[in-house]
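# Structure at a glance
Each chain is listed here by its residues.
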Amino acid sequence: MNEPIVARHWLALAAPKAAPAVATSTVLVLGRIWNANGAEHSTGNAALMVVLAAGAATAGAFASAGRAGDPVIAGTAFASSGALALAGVAGYADGLPLPLLLWALATTAAYGIAARYWRTDRRDALAHERHTTQRREEHAHIERVVALGAGAQIEVAREGAAYAQALAQALIHREALPGFDPGALTRAGLPELPAIEITKEN
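Overview of the structure. Bear in mind the structure is a predicted one, so any value in this text is a computation, not a measurement. (Residues numbered from 1 in each chain as written. Predicted model: local features only at pLDDT ≥ 70, side-chain atom pairs only at ≥ 80, totals over all residues. Heavy atoms only, no water.)

Before going further, it helps to examine the overall build of the chain. When you go through the chain residue by residue, the secondary structure sums to five helices and zero strands. When the helices and strands of the chain are read in sequence order from the N terminus, they spell out α-α-α-α-α. Looking at the chain residue by residue over its 202 residues, the buried ones come to 14%. A separation of at least 24 residues holds for 66% of the contacts in the chain among residues at least 6 apart in sequence. Working note: accessible area of the chain is about 15600 Å², and carbon and sulfur atoms make up 66% of it. (Helix = DSSP H or I, 4+ residues; strand = E, 2+ residues; numbered from the N terminus. Buried < 20%, exposed > 50% of the residue type's maximum accessible area, 1.4 Å probe, protein only. Contact = heavy atoms within 4.5 Å. Areas by Shrake-Rupley, 256 points an atom, 1.4 Å probe, with all protein chains shown as cover.)

One pair of aromatic rings is described through two measures. These are the centre distance and the angle between the planes. In the structure shown here, the tally under the stated rule is one aromatic pair. For the pair tyrosine 111 and tryptophan 118, a centre-to-centre distance of 6.2 Å together with 65° between the ring planes defines the contact as edge-to-face. Relative accessible area serves as the criterion here: at 27%, tyrosine 111 is assigned to the partly exposed category. Judged by its relative accessible area of 22%, tryptophan 118 falls in the partly exposed class. (Phe/Tyr/Trp six-rings, centres within 6.5 Å; stacked < 30°, edge-to-face > 60°.)

So, on to the packing of helix α3 (residues 71-92) against helix α4 (residues 97-176). Orientation of α3 relative to α4, taken along the N-to-C sense of each, is 165°, at an axis distance of 9 Å. One way to sum up the angle between α3 and α4 is to call them roughly antiparallel. Seen from above, α3 lies across α4 with left-handed handedness. Counting all contacts with α3, which are made through Leu86, Val89 and Ala90, the residues of α4 involved are Leu98, Pro99, Leu102, Trp103 and Ala106. (Axes fitted to C-alpha atoms, helices over the stretch in contact; angles between N-to-C directions. Parallel < 35°, antiparallel > 145°, perpendicular 65-115°, else oblique. Left-handed = near helix turned anticlockwise from the far one by under 90°.)

A few words now on the pattern of salt bridges. Applying the stated criterion across every chain yields a total of one salt bridge. The closest approach of N and O atoms between arginine 158 and glutamate 155, which form a salt bridge, is 3.4 Å. You can see arginine 158 and its partner glutamate 155 sitting in helix α4, three residues apart, about one turn around the helix. On the basis of relative accessibility, which here comes to 36%, the residue glutamate 155 falls in the partly exposed class. (Salt bridge = Lys/Arg side-chain N within 4 Å of Asp/Glu carboxyl O.)

If you add up the space inside the largest pocket, you get close to 670 Å³. Around the largest pocket sit 23 residues that line it, and Gly75, Phe78, Ala79, Ala110 and Ile113 are the ones nearest its centre. For the lining of the largest pocket, the secondary structure elements donating two or more residues are α1 (10-39), α3 and α4. If one sorts the elements of the lining of the largest pocket by residue count, α3 sits on top with ten residues. (1 Å grid on protein atoms, 1.4 Å probe; cavity = no way out; pocket = protein on both sides within 12 Å on 5 of 7 lines; lining within 4 Å. Points joined across faces, edges and corners; volume = space filled by probe spheres on them.)

So, on to a positive patch on the surface. Judged by side-chain charge, Lys17, Arg116, Arg119, Arg122 and Arg123 come together as a positively charged surface patch. Secondary-structure assignment places lysine 17 in helix α1. (Patch = residues over 30% accessible without salt bridge, like charges linked within 9 Å, V, L, I, M, F, W, Y side chains within 5 Å. Lys, Arg positive; Asp, Glu negative; His and termini not counted. Charge placed at Lys NZ, Arg CZ, Asp CG, Glu CD.)

Position of threonine 107 among the secondary structure elements: in helix α4. Engagement of the side chain of threonine 107 in a polar contact is seen with the backbone oxygen of tryptophan 103, the distance being 2.7 Å. If sequence neighbours within four positions are ignored, threonine 107 has contacts with Ala21 and Thr24. (Polar contact = N/O pair within 3.5 Å; in protein donor to acceptor, adjacent residues only side chain to side chain.)

Below is the structure:
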């Protein structure tokens, strides 16, 4: 069975690669908007962001260190902690150099973490593709073997039918010759033909 080929749009292929940069850039822009609206040198806002970032980092540490720790929850918590820290610096700092430096570091770290998952996904996709190709080849081989066997059986049945038809024609012609002895056929080793009685209904 042929599987449909689905061609993904280039935007769908590029979106996962651009997601880390889009996320960190969004946090930077929102932080600078917050800075322009009164967060600059606000001790209360800075303390709030420090507490939130520390809380998210602590939650990520507990999630990753637990006996049944979930890496997805831990990664989300650490990402939230970094985003809160970046937003706090972007909102509190005077100029752009420090927020841009933290944005560059956060983007690099995000791509480093994402690259690991992309490699894992690529390995899984390649393994699945190899497994699917192997199964498809096995099924095709089985189909070829079955088709060859069926073709051989059909050929044998066709040759048997042709032989039986030729034997019947030979017997019919032989019966028309003078001096035909049906018992000679049986003595020669040929199978005895069954007698056919034809009854006429009144």
